[in-house]
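Observations on the three-dimensional arrangement
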There are 4 protein chains.
Amino acid sequence: MKKVGIVGITGQIGTLLEKLLRDSVDFSFGGGISSETSPTNFRDIVQNCDILVDFSRPAATIHAVELASRYGVPLVSGTTGIASSDFEKICNYSRYIPILHCANFSEGIQLMAILLRKCSAVLSDFDFSVVDRHHRRKKDAPSGTALFLAEQVEQKAQIVSLRSGDVPGDHICDFCGDAEMLSISHRILNREVFAKGALKCASWLINQKPGMYSMLNYLEEKIGDRWR
Amino acid sequence: MKKVGIVGITGQIGTLLEKLLRDSVDFSFGGGISSETSPTNFRDIVQNCDILVDFSRPAATIHAVELASRYGVPLVSGTTGIASSDFEKICNYSRYIPILHCANFSEGIQLMAILLRKCSAVLSDFDFSVVDRHHRRKKDAPSGTALFLAEQVEQKAQIVSLRSGDVPGDHICDFCGDAEMLSISHRILNREVFAKGALKCASWLINQKPGMYSMLNYLEEKIGDRWR
Amino acid sequence: MKKVGIVGITGQIGTLLEKLLRDSVDFSFGGGISSETSPTNFRDIVQNCDILVDFSRPAATIHAVELASRYGVPLVSGTTGIASSDFEKICNYSRYIPILHCANFSEGIQLMAILLRKCSAVLSDFDFSVVDRHHRRKKDAPSGTALFLAEQVEQKAQIVSLRSGDVPGDHICDFCGDAEMLSISHRILNREVFAKGALKCASWLINQKPGMYSMLNYLEEKIGDRWR
Amino acid sequence: MKKVGIVGITGQIGTLLEKLLRDSVDFSFGGGISSETSPTNFRDIVQNCDILVDFSRPAATIHAVELASRYGVPLVSGTTGIASSDFEKICNYSRYIPILHCANFSEGIQLMAILLRKCSAVLSDFDFSVVDRHHRRKKDAPSGTALFLAEQVEQKAQIVSLRSGDVPGDHICDFCGDAEMLSISHRILNREVFAKGALKCASWLINQKPGMYSMLNYLEEKIGDRWR
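Rules used in this analysis
Residues numbered from 1 in each chain as written. Chains lettered and ligands numbered in written order. Predicted model: local features only at pLDDT ≥ 70, side-chain atom pairs only at ≥ 80, totals over all residues. Heavy atoms only, no water. Helix = DSSP H or I, 4+ residues; strand = E, 2+ residues; numbered from the N terminus. Rg over C-alpha atoms; globule rule 2.2 N^0.38 Å. Contact = heavy atoms within 4.5 Å. Lys, Arg positive; Asp, Glu negative; His and termini not counted. Charge placed at Lys NZ, Arg CZ, Asp CG, Glu CD. Domains from an automatic or database assignment. Buried area = accessible area lost by both parts, 1.4 Å probe. Salt bridge = Lys/Arg side-chain N within 4 Å of Asp/Glu carboxyl O. Polar contact = N/O pair within 3.5 Å; in protein donor to acceptor, adjacent residues only side chain to side chain. Least-squares fit on C-alpha atoms with pLDDT ≥ 70 in both. Expected span 1.5 Å × (residues − 1). Buried < 20%, exposed > 50% of the residue type's maximum accessible area, 1.4 Å probe, protein only. Pairing = 2+ DSSP bridges. Phe/Tyr/Trp six-rings, centres within 6.5 Å; stacked < 30°, edge-to-face > 60°. Axes fitted to C-alpha atoms, helices over the stretch in contact; angles between N-to-C directions. Parallel < 35°, antiparallel > 145°, perpendicular 65-115°, else oblique. Nonpolar A, V, L, I, M, F, W, Y, C, P; charged D, E, K, R; others polar.

**Things to note about the overall build of chain A**
Within chain A, the regular secondary structure consists of eight helices and 10 strands. The C-alpha radius of gyration of chain A comes to 18 Å, within 12% of the 17 Å expected for a compact globule of 228 residues. Dimensions of chain A, computed from C-alpha atoms along their principal axes, come out at roughly 65 × 40 × 35 Å. A separation threshold of at least 6 residues defines the contact pool for chain A, and within that pool the share at least 24 residues apart is 71%. Distance from the positive charge centre (26 side chains) to the negative charge centre (26 side chains) of chain A: 5 Å.

This is the structure in C-alpha cells:
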C-alpha cells in the first residue's frame, strides 16, 4: 500500500482524507501536516511518503512542493488562492516531480467542463450563463469553479453567485437561444466527493512522469477511447 | 358587452389585447390609442369606452388618466418606468375613478408574492434569494417583478439577473437554511398571460369604487374565504 | 431539562437524535430503546422520561404508546408503515396523552403543504404534479411525503418517483396552466433536519392536552398571527 | 432558391414551415400536401420540388417516399408512429434518394444525445433518469424523445412523464451518484425550433448521397473538427 501524506490535515478536506485513508485498500496514511508541524517533522513525513495530497494554504503548498521535489514525491494539490508568481514556482518544480493542481476535484465538474466546450462549439449563437450557489460562509464570489467553467466556452459568460444556507455547491450552466435552452448543472450531495476525487488523482499521478497536470488530464485518459 | 379602450395599441401587449378582445364574450374592442392618435381622437375614444387598459409609456399613461378621470372611466395600467412624482399624480386622480396599476399581470406571480410573505414569516432564519431570467433584449436588471418579489420578505434579499436567448420570464425564489431549501419559482410559457391577467383585472375593477388598487387586491378578493 | 427517551435508538434518525440531545440545552437523554431492550428496561425507560420520540417499527411504536399512556408520557412518532387498525389503536391512547404523529418532520415540507392548499384554491384549473426523488435504497414509491403533498390539493395529482444515487430527498410540485407554471420545491440538504424537527415538536407537544396531533398543528400555531 | 414541398401542410409544424419558407432566402415554397390533396396533385408537387419536408401521418409518409424515390427528390421526415414494417420500406427507398428521419428536430436535443453518451461512459456507476414534461394534449408517454435519450446511455434508465398545462416540451436527464449529481436538461421555448431544424437538415440533405440519415449525422458533420 502506498503511503499518503496529507498537507492541511486539520482542514475540512484534510480531515475527510484521513478518514478515507483509514478505510482504503490502496493507500495507507503516511502522516499529516498542519500549521503546528515542526520543519523537521514536515521534512520527515514528506521523505517517508509515496505521494502528498495537499489542501492547505499557499505558503504551506510552496513549502510542500519544495520538499516533495527534493525527495521525488509526487504531489496532488487542491489549495486555492495561489498567487501567479507562486504558481510559476510550483510549475518549475514540476520538472522534477509530477504535480497535479486542480480547484475542484469532483469528476462531475471536470466532465461538465468538457461538455461545455463541446456545446459552445455547436451552440455558438446561444447566450451562456453560470449560476453558482454555495453556503453562506463562502467568501469568494463567483466561485473558482464558476470561473473555471466559464473559461471553457467561447461565448461571453454571464456569471452570478448566491450565498445561502448550507448548500455544499451547485453550478448551473445554461445555453439559451431563441427557441430552446440547453442546461448542464451539477450538485454536490456530499463533500466527500472532493477527497475521493483527490485520491483518484493520486492513484493516477503516482504513475506519471514529472510535469504539471490538471484533473482534466486524468479524466481524459480515463475516458480514452470510449468517446469514439 | 363592455367596451375596452387600449392605450398602447401598437405595443406587444396592446396587440395581444386587441386579439383577445376580438374573441371575448365579455368585452368588445372600443378603440386603440397609439403615439399617432390625435388629441381629439384620444378624447373621443376615452369618452366612448367603459374601461381603459393601458400598456404604454408614462406620458401617455398620465394623459389617459386625466381623460379617464374627467369622463369617469376606470383604468387598468401596466405601464412601467413611471417617475414617483407622476405616480403621485395618478394616485390623486384615483379619488375620482378606480385605477389599478401593476407591474406584472400574471396571477401566478401575484400568488407567489403572497406565498413569499408567508414563507418569510415561518422561515425567518433562512437566507432568501431571487433569480430573474429574461430574454436578451430586456434592458432593466433586476426585473421590476424581481424587486416586487423581494419586497414581500422580511429577510435581506440577494437578487441576481440573467439576460439570455428569448426566455419570456422566469423568477426563482429560494429560502435556504442549514438543512433544507424551499423554492418557489414561476415560468411564463406564453406572453398572453399578461394581457389575459389585465382583462381579468378590468372585469373586477369596473365594479370597484374610486381608489388606487393593485392586482393583489383583486387576487385576495378572489381567494376570499377559500384560504380559511 | 426534560428527559427524552428514544424509541429506535439504533436507527438512522435515532442515532442523530441521541447526538442532538447530547448537545441540547433544553433536553437531556433519558434512555434509548432498541429491539434488544428487555421489556423491563423498556418500561423503566418510559417511566423515567418526560417525553418519548419514536422512529422505530410499528410493533415497537404500539408498545411504546401503551406504556406511554400508562405512565402519562407524551409521545412524538415518525414511524411509517403503520397499518390503519394499529393507527386506530394509537388514536385511542391519545385520550390519555398527547401524541404527535408525522411522516416527515421537516418544517419546509409542512409549510409546503400549507402553500399547496392555497395554490390549489387559486389555480383551480391548472394541472398538478409531484416528482419525488430519493436515494436508490428507498423501497417505497411514491414517497409517503409525495402522497401527503398530493392530498393537500383539490386537483387530481400526477405523482412520479425517481430512485437514484444518494439523494437525501427532493420534492417538486408544479401547477401548470396554459400560459404560466408555478412550482414549489423542497430539497433536503442534511438528514439532521428530521431529528431537529422532531425535537421542535417534542418541545411543543409537552405542553399540549391529550389528543392526536400532526406537525401541521405545531406549525400553524407557530405561524399564528404572522400571516394576517 | 430550392423549392420545398411540405407534406402535412395543415399540421402544426407544416403551418410553421410554410411561414418560414415565405421569409427564407435559401428556400422557396414549392407546394403543400394535405389529406385533401388529390393523387395527381400530390405527384405533381413532388415532381416539381427539389426536396420534401414531411410532418404528416405514416400512410402519407410512405406515399411521399414512393413518389420522392421515383422522381429523385430527397426527403426529410419528422412523422412519428411509423410501424417497423413501414420503416423498413422507407429504408429500402433510401437506396435511390437521401432520406433523413428524426423524431425531434431540435439541435439542442440532438446535442444532448451526444453528451449523454459521453457522460454514460464516464459516470458508469451513476443512476440515470429521464423526466419528460409536455402539454396535456400529448397522448403518448414517455415521449419518443425521452425514449431516444434513454437509448444513448449504457445504464438502465428510469423514465417518467408529466402531462400538464401547455408546456412545449422539457426533458431532464440526471446522472446521480453517491456524492454528486450531473444533470442535462432541455427546454423548448418556441415550437418553431422543430420547423427550423427540419429546414437546416433539408439544406444539408440535398447534398448527400442516397441513404438513410438521422439528424445526428447532420450534427456530427457540423461539429466536425471543432471537438478536438
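Once the structure has been displayed, the description carries forward.
**Quick word on the domain arrangement of chain A**
Interface size, as often reported, equals the accessible area lost upon joining of the parts. Residues and elements named next belong to chain A. Along its sequence, chain A is organised into domain 1 (2-104 + 192-223) and domain 2 (107-187). The C-alpha centroid of domain 2 is placed 27 Å from the C-alpha centroid of domain 1. Between domain 1 and domain 2, the residue contacts involve 11 residues of the former and eight residues of the latter. When domain 1 packs against domain 2, close to 880 Å² is buried across both sides, 58% of that on carbon and sulfur atoms. Among the residues domain 1 hides against domain 2, the three largest losses belong to Asn 104, Leu 216 and Leu 219. Together they make up 55% of the total. Summed over the shared surface of domain 1 and domain 2, the number is two salt bridges. A salt bridge links Lys 200 to Glu 107, with the shortest nitrogen-to-oxygen separation between them at 3.0 Å. Here domain 1 is connected to domain 2 by five residue pairs in polar contact (both at pLDDT 80 or more).

**Some details on the relation of the copies chain D and chain A**
The transformation that overlays chain D on chain A combines an axial shift of 0.0 Å with a rotation of 180°, and the residual RMSD is 0.0 Å. Interpreted geometrically, this transformation is the action of a two-fold axis. Within chain D, the C-alpha atom positioned nearest to the axis of rotation is that of Ile 184 of chain D, 2.3 Å from it. An overlap of 100% is found between the interface residues of chain D and their copies at the interface of chain A, pointing to a shared contact surface.

**Side note on the relation of the copies chain C and chain A**
When chain C is fitted to chain A, the best match, at an RMSD of 0.0 Å, comes from turning it 180° and sliding it 0.0 Å along the axis. With an isologous cut-off of 70% or more, the 100% of interface residues of chain C that recur at the interface of chain A puts this contact in the isologous class.

**Here we look at the interface of chain C and chain A**
Facing the seven residues of chain C at the interface are seven residues of chain A. In this assembly, chain C packs against chain A so that about 510 Å² is buried in total across both faces, 47% of it on carbon and sulfur atoms. Note that Arg 187 of chain C is salt-bridged to Asp 170 of chain A, the shortest N-O span being 2.8 Å.

**Describing helix 3 (residues 58-71) of chain A**
Residues and elements named next belong to chain A. Taking 1.5 Å of rise per residue, 14 residues should cover 20 Å, and helix 3 covers 20 Å from first to last C-alpha, within 8% of that figure. Every buried residue of helix 3 is accounted for by Thr 61, Ile 62, Ala 64, Val 65, Leu 67, Ala 68 and Ser 69. At its buried positions, helix 3 is contacted by strand 1 (2-7), helix 2 (39-48), strand 3 (51-54), strand 4 (75-77), helix 4 (84-93) and strand 5 (98-101). One or two residues past the end of helix 3 sits Gly 72, with phi positive at roughly 70°.

**Thoughts on the interface of chain D and chain A**
Taken together, the contact pairs 34 residues of chain D with 34 residues of chain A. Carbon and sulfur atoms supply 62% of the area that chain D and chain A bury against each other, a total of about 3,100 Å² over both sides. Mapped by element, the contributors of at least two residues to the side of chain D that touches chain A are helix 5 (107-122), strand 9 (180-188) and helix 8 (215-223) of chain D. Broken down by element, the residue count for the side of chain D that touches chain A peaks at 10 residues, all from helix 5 of chain D. Two elements, strand 9 (residues 180-188) of chain A and strand 9 of chain D, share nine bridges in a ladder whose sense is antiparallel. Each bridged residue has a counterpart across the sheet, and for Glu 180 of chain A the counterpart in strand 9 of chain D is Ile 188 of chain D.

**Quick notes on the packing of aromatic side chains**
Counting across every chain of the model gives 16 aromatic pairs over all chains. Residues Trp 204 of chain D and Tyr 218 of chain D carry aromatic rings whose centres are separated by 6.1 Å and whose planes lie at 65° to one another, so their mutual orientation is edge-to-face. Highlighted residues: Trp 204 of chain D in helix 7 (residues 192-205) and Tyr 218 of chain D in helix 8, separated in sequence by 14 residues. Tyr 218 of chain D matches Trp 204 of chain D in its accessibility class, with the two residues each being buried. Each residue in the set Trp 204, Tyr 213 and Tyr 218 of chain A is aromatic and connected to the rest through ring pairs, giving one cluster.

**Quick word on the environment of Val 53 of chain D**
Residue and element names in this part refer to chain D. Mapped onto the elements, Val 53 comes out in strand 3 (residues 51-54). Taking the relative accessible area as the measure of exposure, Val 53 reaches 0% and is therefore buried. Spatially, the C-alpha atom of Val 53 lies 7.5 Å from that of Ala 202, the residues being 149 residues apart in sequence. For Val 53, the contacting residues outside a window of four places in its chain are Val 4, Gly 5, Ile 6, Val 7, Leu 17, Val 76, Ala 198, Leu 199 and Ala 202.

**Notes on the sheet that holds strand 4 (residues 75-77) of chain C**
Residue and element names in this part refer to chain C. Read from one edge to the other, the open sheet built from six strands follows the order 2-1-3-4-5-10, with strand pairing classed as parallel. Two strands in the sheet have a free side with no partner beyond their single neighbour: strand 2 (27-33) and strand 10 (211-213). Averaged over all neighbouring strand pairs, the angle between strand axes comes to 20°, with direction disregarded. Of the strand pairs in this sheet, strand 4 and strand 5 (residues 98-101) are connected by three bridges, and their pairing is parallel. Note on strand 5: the bridge partner recorded for Val 76 is Leu 100.

**Some points on unusual backbone geometry**
Residue Pro 142 of chain B is bonded to the preceding Ala 141 of chain B through a cis peptide linkage, with omega at -5°. The residue Pro 142 of chain B is located in the loop between strand 6 (127-134) and helix 6 (144-150) in this model.

**Quick notes on the packing of helix 5 of chain D against helix 8 of chain D**
Residues and elements named next belong to chain D. Direction vectors running N to C along helix 5 and helix 8 enclose 80°, while the axes themselves pass 10 Å from each other. Taken as axis vectors, helix 5 and helix 8 run roughly perpendicular relative to one another. Residues Glu 107, Gln 110, Leu 111, Ile 114 and Arg 117 of helix 5 form the contact with helix 8, whose own contacting residues are Met 215, Leu 216, Tyr 218, Leu 219, Glu 220, Lys 222 and Ile 223. Here the contact of helix 5 with helix 8 is composed, by residue class, of seven nonpolar, one polar and four charged.

**Remarks on the side chain of Ser 69 of chain A**
Inspection of the secondary structure assignment puts Ser 69 of chain A in helix 3. Not counting the four nearest positions on each side in its chain, Ser 69 of chain A is found in contact with Tyr 93, Tyr 96 and Ile 97 of chain A.

**Points about the sheet that holds strand 8 (residues 170-176) of chain C**
Judged by pairing direction, the sheet is mixed, and its eight strands sit side by side in the order 7(B)-6(B)-8(B)-9(B)-9(C)-8(C)-6(C)-7(C) without closing on themselves. Strands with a single pairing partner mark the edges of an open sheet, and in this sheet they are strand 7 (157-163) of chain B together with strand 7 (157-163) of chain C. When strand polarity is set aside, the average angle formed by the axes of neighbouring strands in this sheet is 15°. Examined bridge by bridge, strand 6 of chain B and strand 8 (residues 170-176) of chain B share seven bridges and lie antiparallel to one another. Opposite Ser 129 of chain B, over in strand 8 of chain B, you have Asp 174 of chain B as the bridge partner. Its contacts with the sheet place helix 5 (residues 107-122) of chain B against strand 6, strand 8 and strand 9 (180-188) of chain B together with strand 9 (180-188) of chain C, and it is angled at close to 165° to strand 9 of chain B.

**Notes on the pattern of salt bridges**
This structure, assessed with the given rule, holds 67 salt bridges over all chains. In this structure, the salt-bridge partner of Asp 127 of chain C is Arg 136 of chain D, at a minimum N-O distance of 2.8 Å. Taken together, the residues Asp 127 of chain C in strand 6 (residues 127-134) and Arg 136 of chain D in the loop between strand 6 (127-134) and helix 6 (144-150) connect one chain to another. A relative accessible area of 38% means that Arg 136 of chain D is categorised as partly exposed. Through salt bridges with shared partners, a single network forms among Arg 133 and Asp 170 of chain A, Asp 174 of chain B together with Arg 187 of chain C.

**Observations regarding the environment of Gly 144 of chain C**
Examined against the element boundaries, Gly 144 of chain C turns out to sit in helix 6 (residues 144-151). Between the alpha carbons of Gly 144 of chain C and Ala 83 of chain C there is a distance of 14 Å; along the sequence they are 61 residues apart.

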